[in-house]
Amino acid sequence: GAGVSQTPSNKVTEKGKYVELRCDPISGHTALYWYRQSLGQGPEFLIYFQGTGAADDSGLPNDRFFAVRPEGSVSTLKIQRTERGDSAVYLCASSPTPQGVTDTQYFGPGTRLTVL
Amino acid sequence: GNSVTQMEGPVTLSEEAFLTINCTYTATGYPSLFWYVQYPGEGLQLLLKATKADDKGSNKGFEATYRKETTSFHLEKGSVQVSDSAVYFCALRALTGFQKLVFGTGTRLLVSP
């Protein structure tokens with residue numbers, strides 16, 4: 001079956017611009033996660049959705065970052081007034097349910113964002 | 001807070017050598033532990049996991065044992081192949097705020113023929 005997909009695969013933008021990154025989770029997965037991976041680092045948690053609601057957004061670095069999941073499937077990560085420090089690979093993951101610590105998270109290929 | 005510490009890389013080995021990548025963690029309670037692998041040009045893939053103390057996760061010849069007493073989850077493989085060249089990430093998922101994974105910084109493995 002289809003895995004997690006993310007679009008675009010690469011995004012180059014200028015400082016100060018607005019960007020949207022899209023994630024299509026595995027069909028039927030209710031839990032969706034966004035992570036950010038800077039060069040040479042491990043992924044860092046940004047936000048977690050259970051269904052349509054953001055259950056934990058404690059990883060969002062500041063109010064320039066926002067994410068939505070209006071119908072409980074596709075999610076969009078939105079970054080306003082981009083800064084060079086936002087350059088990273090943005091990863092999306094999904095899992096069948098949020099219950100229990102054993103659920104596996106399945107990752108997409110990521111969107112590489114470069115802010116010039 | 002919760003954290004994961006991995007040995008720095010790169011780890012450079014010849015084919016058929018024995019591999020160990022060290023991972024230790026700090027967490028309250030008993031987290032679930034994971035190893036993810038990122039092959040060149042590909043996304044993160046779950047390699048193996050263990051959910052309680054003394055559990056051994058295994059997959060594709062790789063193994064890791066959840067050691068509560070040493071708070072460790074070292075990754076091992078008896079005989080590496082060139083195709084194992086990748087970046088390996090150790091991660092935990094805690095009991096509280098259990099949705100998010102906390103990753104180490106990753107260890108790059110380079111295997112030469």
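Calculation rules
- Residues numbered from 1 in each chain as written.
- Chains lettered and ligands numbered in written order.
- Predicted model: local features only at pLDDT ≥ 70, side-chain atom pairs only at ≥ 80, totals over all residues.
- Heavy atoms only, no water.
- Helix = DSSP H or I, 4+ residues; strand = E, 2+ residues; numbered from the N terminus.
- Rg over C-alpha atoms; globule rule 2.2 N^0.38 Å.
- Buried < 20%, exposed > 50% of the residue type's maximum accessible area, 1.4 Å probe, protein only.
- Contact = heavy atoms within 4.5 Å.
- Areas by Shrake-Rupley, 256 points an atom, 1.4 Å probe, with all protein chains shown as cover.
- Lys, Arg positive; Asp, Glu negative; His and termini not counted.
- Charge placed at Lys NZ, Arg CZ, Asp CG, Glu CD.
- Salt bridge = Lys/Arg side-chain N within 4 Å of Asp/Glu carboxyl O.
- Buried area = accessible area lost by both parts, 1.4 Å probe.
- Polar contact = N/O pair within 3.5 Å; in protein donor to acceptor, adjacent residues only side chain to side chain.
- Pairing = 2+ DSSP bridges.
- Axes fitted to C-alpha atoms, helices over the stretch in contact; angles between N-to-C directions.

With that out of the way, let us pick up the overall build of chain A. For chain A, the count of helices and strands is zero helices and eleven strands. Seen in sequence order, chain A has helices and strands lined up from the N terminus as β-β-β-β-β-β-β-β-β-β-β. Against the 2.2 N^0.38 benchmark of 13 Å for 116 residues, chain A shows a C-alpha radius of gyration of 13 Å, consistent with a compact globule. Principal-axis analysis of the C-alpha atoms places the extent of chain A at approximately 40 × 25 × 25 Å. Of all 116 residues assigned to chain A, the portion counted as buried reaches 47%. In chain A, of all internal contacts separated by at least 6 residues, the share reaching a separation of at least 24 is 54%. Per element, the accessible surface of chain A, about 5500 Å² overall, is 48% carbon and sulfur. Each charge class in chain A was averaged separately, 11 positive and 11 negative side chains, and the resulting centres sit 8 Å apart.

Below, the discussion takes up the overall build of chain B. In terms of helices and strands, chain B carries zero helices and twelve strands. Written out in order from the N terminus, the α and β elements of chain B read β-β-β-β-β-β-β-β-β-β-β-β. At 13 Å, chain B has a C-alpha radius of gyration in line with the 13 Å of a compact globule built from 113 residues. Each of the three principal axes of chain B carries a C-alpha extent, and together these read 45 × 25 × 20 Å. Taking all contacts inside chain B whose residues are at least 6 apart in sequence as the whole, residues at least 24 apart take part in 55%. Carbon together with sulfur atoms contributes 49% to the accessible area of chain B, which is approximately 5200 Å² in total. Averaging the locations of the 10 positively and 10 negatively charged side chains of chain B gives two centres separated by 10 Å.

Once that is clear, we can look at the pattern of salt bridges. A full pass over the atoms with the stated rule returns six salt bridges over all chains. Note that Asp 24 of chain A and Arg 22 of chain A form a salt bridge whose closest N and O atoms lie 2.8 Å from each other. Asp 24 of chain A gets classed as partly exposed once you look at its relative accessible area, which sits at 22%. A salt bridge links Asp 84 of chain B to Lys 77 of chain B; its shortest N-O distance comes to 2.8 Å. For the pair shown, Asp 84 of chain B and Lys 77 of chain B are each scored as buried. Salt bridges sharing partners connect three or more residues here, namely Arg 64, Glu 83 and Asp 86 of chain A.

Here the focus is the interface of chain B and chain A. Opposite the 20 residues of chain B that make contact, chain A presents 23 residues. Both faces combined, the contact of chain B with chain A buries some 1700 Å², and carbon together with sulfur accounts for 56% of it. Between chain B and chain A we count zero salt bridges in total. Counting the contacts that link chain B with chain A gives five residue pairs in polar contact (both at pLDDT 80 or more). Elements that contribute at least two residues to the side of chain B that touches chain A include exactly strand E5 (32-38), strand E6 (44-50) and strand E10 (86-93) of chain B.

Our next topic: the pairing of strand E4 (residues 31-37) of chain A. Residues and elements named next belong to chain A. Among the seven residues in E4, seven count as buried, and that is most of the element. Alternating residues of E4 divide into Ala 31, Tyr 33, Tyr 35 and Gln 37 and Leu 32, Trp 34 and Arg 36, and every residue in both groups is buried. Two elements, E4 and strand E5 (residues 44-50), share six bridges in a ladder whose sense is antiparallel. Directly across from Ala 31, in E5, lies its bridge partner Gln 50. A loop of six residues connects E4 with E5, the two strands running antiparallel in sequence, and Gly 40 in this loop sits at a positive phi of about 80°.

As a further point, take the sheet that holds strand E8 (residues 62-65) of chain B. Residue and element names in this part refer to chain B. Strand order in the open sheet made by the four strands is E3-E9-E8-E7, with antiparallel pairing throughout. Two strands close off the open sheet at either side, each with one partner strand: strand E3 (19-21) and strand E7 (56-59). On average, adjacent strands in this sheet sit at an angle of 15° to one another, irrespective of strand direction. Direction of pairing for E7 relative to E8: antiparallel, over a ladder of four bridges. When the sheet's bridge partners are listed, Ser 58 is paired in E8 with Glu 63.

By themselves, these observations are geometric and do not establish any function.
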